[in-house]
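What follows is the residue order along each chain.
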Amino acid sequence: MKSFMIQGAKILATGSAIPSSSTTNHDISTIVQTSDEWIFTRTGIKERRLLKGVDQSIIDLAVSASKKALDKIAMHPSQLDLVILATSSPDDLFGSASKIQSKIGASNAVAFDLTAACSGFVLSLVTASQFLYTGAYRNILVVGADTLSKWIDWSDRSTCILFGDAAAAVILQSCSIVDNSVLTFQLNSDGNYANHLSIAYETDIIPHPKLNLHQGYFKYISMNGKEVYKFAVFQVPLSILKCLNSLNMSIEEVDWLLLHQANERILNAIAEKLSISSKKIISNLCKYGNTSAASIPLALDEAIKQNKILSNDIIVIAGFGAGLTWGTVVLRW
Ligand code: ACO
């Protein structure tokens, strides 16, 4: 990785938003054959938030999270230069970021979606940093938001137990190089295993009668849970170690391990492989399940609210998921 930095990047504020109603493991056990005990022991999840009702969308969650982050630092939205929405469940295939840009009043910002499933926030953070390092932009809003409840087959017990809906935002700003807090990153993709986790597009067999054109529709989430589990536990520690090595930093110097909140067993297995104390793992998935692109900023926002993270703490953030994609960012808070 080569970076051409004329400036640094730092996170100024975070904010998050979740649907109001909670759905417990017990609630799910009334629609598919499962139990609180099975779900909790295999995943660590107890409950999740699902976006219900016809009048609420991913945009509402993303706007609410963004406004909370802006309010924390009293930043006027017109100061934002760029809005990146990390999502795999936009309300419009052409992208939803510009709706957030307009609803929060970021009148001077360009906005785009970034699709990388559960790695979306890490990729967006890295993308935003590049715009800041080069001096192209000064203030950037990154929102991780997903409402995968809309894309779940609620009769498939192997997937419907896992996911929740949420949005969370961070505001990044350029700063002098000595104050840079986005220390390094490492990103990967391997499309050979894309089928392990996908929301595939299925083409109709019968073509349009006159054009011979096949249209189709997107199916529900399909997942090979065991393969995703093995992939995460094998690849994520390697990515983290590459980052730490590039900084000449030891595992002992890491204060917090903030992984994509997919499964408690994955978090523990990765921490164990790295010999990082379980006390350093940030985890809130028992309350929210896997919220995909929102999971890392949601956990970050919560950890900040709980005053866990102190100035100068080293936070290792790693995302992994569909694509397959995975990657790490190291922050100095
Ligand atoms: N309740 C009860 N039984 C179940 C359930 C359920 N919800 N789901 C599956 N089972 C059964 C299976 O049918 C199977 O029964 P069998 O032995 O009679 O065939 C048995 O439980 C074991 O099933 P496995 O799939 O082998 O269970 P496993 O221990 O692998 O746990 C899980 C499944 C939790 C999905 C695990 O594989 C996992 O967490 N994988 C990672 C998934 C993940 O993190 N995905 C998202 C990451 S990327 C992203 O976020 C987009």
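Residues numbered from 1 in each chain as written. Predicted model: local features only at pLDDT ≥ 70, side-chain atom pairs only at ≥ 80, totals over all residues. Heavy atoms only, no water.

Peer 1: Help me out: how do you make sense of the nonpolar core in this one?
Peer 2: Generally speaking, nonpolar side chains in soluble globular proteins are found buried as a group. If you look at the biggest cluster of nonpolar residues, it comprises 44 residues, and the most contacted ones within it are Ile 240, Leu 257, Leu 259 and Phe 320. No other element matches the eight residues that helix H7 (residues 225–246) contributes to this core. Counting the residues that make up this core, at least three belong to each of domain 1 (8–179) and domain 2 (182–332). The contacts of Leu 259, once residues within four sequence positions are left out, are Val 236, Ile 240, Leu 267, Ile 270, Ile 296 and Ala 318. Formed by 31 residues, the second largest nonpolar core is a distinct cluster that contains Ile 84, Phe 185, Leu 258 and Ala 303. (Core = buried A, V, L, I, M, F, W, Y, C linked by side-chain atoms within 4.5 Å. Buried < 20%, exposed > 50% of the residue type's maximum accessible area, 1.4 Å probe, protein only. Helix = DSSP H or I, 4+ residues; strand = E, 2+ residues; numbered from the N terminus. Domains from an automatic or database assignment. Contact = heavy atoms within 4.5 Å.)

Peer 1: Which parts of the structure should I look at to understand the UniProt feature "domain: Beta-ketoacyl-[acyl-carrier-protein] synthase III C-terminal" (unreviewed entry) in the protein chain?
Peer 2: Mapped onto this numbering, the UniProt entry gives "domain: Beta-ketoacyl-[acyl-carrier-protein] synthase III C-terminal" (unreviewed entry) at residues 246–333. Taken end to end, residues 246–333 is 31% helix and 23% strand, and its first and last C-alpha atoms sit 18 Å apart. (UniProt positions renumbered as here; feature names shortened; annotations may be inferred.)

Peer 1: Before we go on, may I ask you to explain the site of the ligand in this structure?
Peer 2: In the vicinity of the ligand lie 22 residues, with Thr 34, Cys 118, Lys 226, Asn 263 and Asn 290 positioned nearest. Between the ligand and Arg 42, the relevant distance is 2.7 Å, taken from an oxygen atom to a side-chain nitrogen or oxygen of the residue. A distance of 2.5 Å separates an oxygen atom of the ligand from a polar atom in the side chain of Asn 263. Contact with the protein chains removes 74% of the 1000 Å² of surface that the ligand exposes when unbound. Looking at the shell around the ligand, the elements that each hand over two or more residues are helix H2 (36–43), helix H6 (157–160), H7 and strand S14 (314–321). Per-element accounting of the shell around the ligand gives the leading share, four residues, to H7. (Near = heavy atom within 4 Å. Polar contact = N/O pair within 3.5 Å; in protein donor to acceptor, adjacent residues only side chain to side chain. Areas by Shrake-Rupley, 256 points an atom, 1.4 Å probe, with all protein chains shown as cover.)

Peer 1: Help me understand the packing of aromatic side chains, please; the structure alone is not making it clear to me.
Peer 2: Each aromatic ring pair is specified by the distance between its two centres and by the angle formed by the two planes. Going through the model one piece at a time under the given rule, you end up with four aromatic pairs. Here the aromatic rings of Trp 151 and Phe 218 are separated by 6.3 Å at their centres, their planes lie at 90°, and the arrangement is edge-to-face. Of this pair, Trp 151 sits in the loop between strand S6 (139–147) and H6 while Phe 218 sits in strand S11 (residues 216–218); the two residues are 67 residues apart in sequence, bridging distant segments of the chain. For the pair Phe 231 and Trp 326, a centre-to-centre distance of 5.3 Å together with 75° between the ring planes defines the contact as edge-to-face. Taken together, the residues span a long stretch of sequence, with Phe 231 in helix H7 and Trp 326 in strand S15 (residues 325–332) at a distance of 95 residues. Each member of the pair, Phe 231 as well as Trp 326, carries the same accessibility label: buried. Among the aromatic side chains, those forming a connected cluster through ring pairs are Trp 151, Tyr 201 and Phe 218. Just above the ring of Phe 40 sits the side chain of Lys 46; from NZ or CZ to the centre is 4.8 Å. (Phe/Tyr/Trp six-rings, centres within 6.5 Å; stacked < 30°, edge-to-face > 60°. Lys NZ or Arg CZ within 6 Å of the ring centre and 35° of its normal.)

Peer 1: Where do I start with the environment of Asn 188 in this structure?
Peer 2: Mapped onto the elements of the fold, Asn 188 is located in strand S8 (residues 182–189). Accessibility expressed as a relative area gives 16% for Asn 188, which makes it buried. For Asn 188 and Thr 328, which are 140 residues apart along the polypeptide, the C-alpha to C-alpha distance reads 9.2 Å. Non-local contacts of Asn 188, meaning those with residues more than four positions away in its chain, are made with Ser 239, Leu 324, Thr 325, Trp 326 and Gly 327. In terms of polar contacts, Asn 188 uses its side chain to reach the side chain of Gln 186, at 2.9 Å.

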